[in-house]
Each structure stands twice: as structure tokens, then as C-alpha cells.
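Summary of the model geometry
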Amino acid sequence: QVQLVESGGGLVQPGGSLSLSCAASGHIFSINSMGWYRQAPGKQRELVAGITSGGSTNYADSVKGRFTISRDNAKNTVLLQMNSLKPEDTAVYYCNAVVSTFIQPMMRGYWGQGTQVTVSS
């Protein structure tokens, strides 16, 4: 099995910054893409940012220029640096990873438990 553990959420004022971290552990053979999603109350879960094993990134239009995703392949971690935060960024943020394990070689997606980000004055 694979576990994704997120950290770094919290309360921040508009214009502030937060950094989210996600660490993958378990019987991991390889990790393909990693990413961050978010879900606000009453809304569907949406992709915020993604990054491939080769380092290619993609972002939701709403966060381009403000958020930066990065990963450390040696540590199986993915980071999301969030700057110039807005109230509309308030949501539960979920880490996602597409992983192949020694037990289950076929790639499949795994989710973290989520971390709350609240942007409010």
C-alpha cells in the first residue's frame, strides 16, 4: 500500500503565503505524476497543479503566477508554494500521486487525507 501524508495547511491573511508538503511512503517502485487538488465547500474537486516525473508542470489558470509546484524524486515528496493567496483559494487541498508498487506493478492513483487552507482577514 501507499500512504500520502500532507502538511502545511492553515489560516493565512489575503496576500499571504503558505507551503504545502506531501510525502509518499510504502512499497513504492516508481511514481509517475504527482499533483495537488482542492475542493471548496459545495464545489467539485479541481486540479490545482501537477508535475510529472520529468519535471513538467501544469497549473489551473486561477493559480498561474502565484503557485509553484515542485518535487523531490529521491524523497518521494511534492511541494506546493502558494503566494498572493486570495479568499477564493480557501479549500481542502489534497495530494495525489500515480504510483507503481512492488506488490501492484500497474500504476494507480492514491490520495492524501487533505489539509485545510483558509484565506481570511
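Only a predicted model underlies this, so the values are computations on that prediction, with no experimental measurement involved.

**Describing the overall build of the protein chain**
Within the protein chain, the regular secondary structure consists of 0 helices and 11 strands. Relative to the globule expectation of 14 Å for 121 residues, the C-alpha radius of gyration of the protein chain, 14 Å, shows essentially globular dimensions. Taken across its 121 residues, the protein chain has 39% of its residues classed as buried. Restricting the contact set of the protein chain to residue pairs at least 6 apart, pairs at least 24 apart contribute 56%.

**Quick notes on the environment of R108**
On the secondary structure map, R108 appears in strand β10 (residues 108–111). Considered as a pair, R108 and Y94 are 14 residues apart in the sequence and their alpha carbons are 16 Å apart. In this structure, R108 is in contact with A97, V98 and V99, ignoring residues within four places of it in sequence.

**What to know about the nonpolar core**
Formed by 31 residues in total, the largest nonpolar core has its most connected members in W36, L80, M82 and Y93. Take this core: its biggest share by element is 5 residues, from strand β9 (residues 91–101).

**Digging into the pattern of salt bridges**
Applying the stated criterion across every chain yields a total of 4 salt bridges. The shortest N-O distance in the salt bridge between R38 and E46 comes to 2.7 Å. By relative accessible area, R38 is classed as buried at 6%. D89 is the salt-bridge partner of R66, the closest N and O atoms lying 2.8 Å from each other.

**Some thoughts on a nonpolar patch on the surface**
On the surface, F29, F102 and I103 cluster together into a nonpolar patch covering about 400 Å² of accessible area. Tracing the sequence through the fold places F29 in strand β4 (residues 28–39). Note on F29: relative accessible area 55%, which makes it exposed.

What counts, and at which threshold
- Residues numbered from 1 in each chain as written.
- Predicted model: local features only at pLDDT ≥ 70, side-chain atom pairs only at ≥ 80, totals over all residues.
- Heavy atoms only, no water.
- Helix = DSSP H or I, 4+ residues; strand = E, 2+ residues; numbered from the N terminus.
- Rg over C-alpha atoms; globule rule 2.2 N^0.38 Å.
- Buried < 20%, exposed > 50% of the residue type's maximum accessible area, 1.4 Å probe, protein only.
- Contact = heavy atoms within 4.5 Å.
- Core = buried A, V, L, I, M, F, W, Y, C linked by side-chain atoms within 4.5 Å.
- Salt bridge = Lys/Arg side-chain N within 4 Å of Asp/Glu carboxyl O.
- Patch = residues over 30% accessible without salt bridge, like charges linked within 9 Å, V, L, I, M, F, W, Y side chains within 5 Å.
- Areas by Shrake-Rupley, 256 points an atom, 1.4 Å probe, with all protein chains shown as cover.

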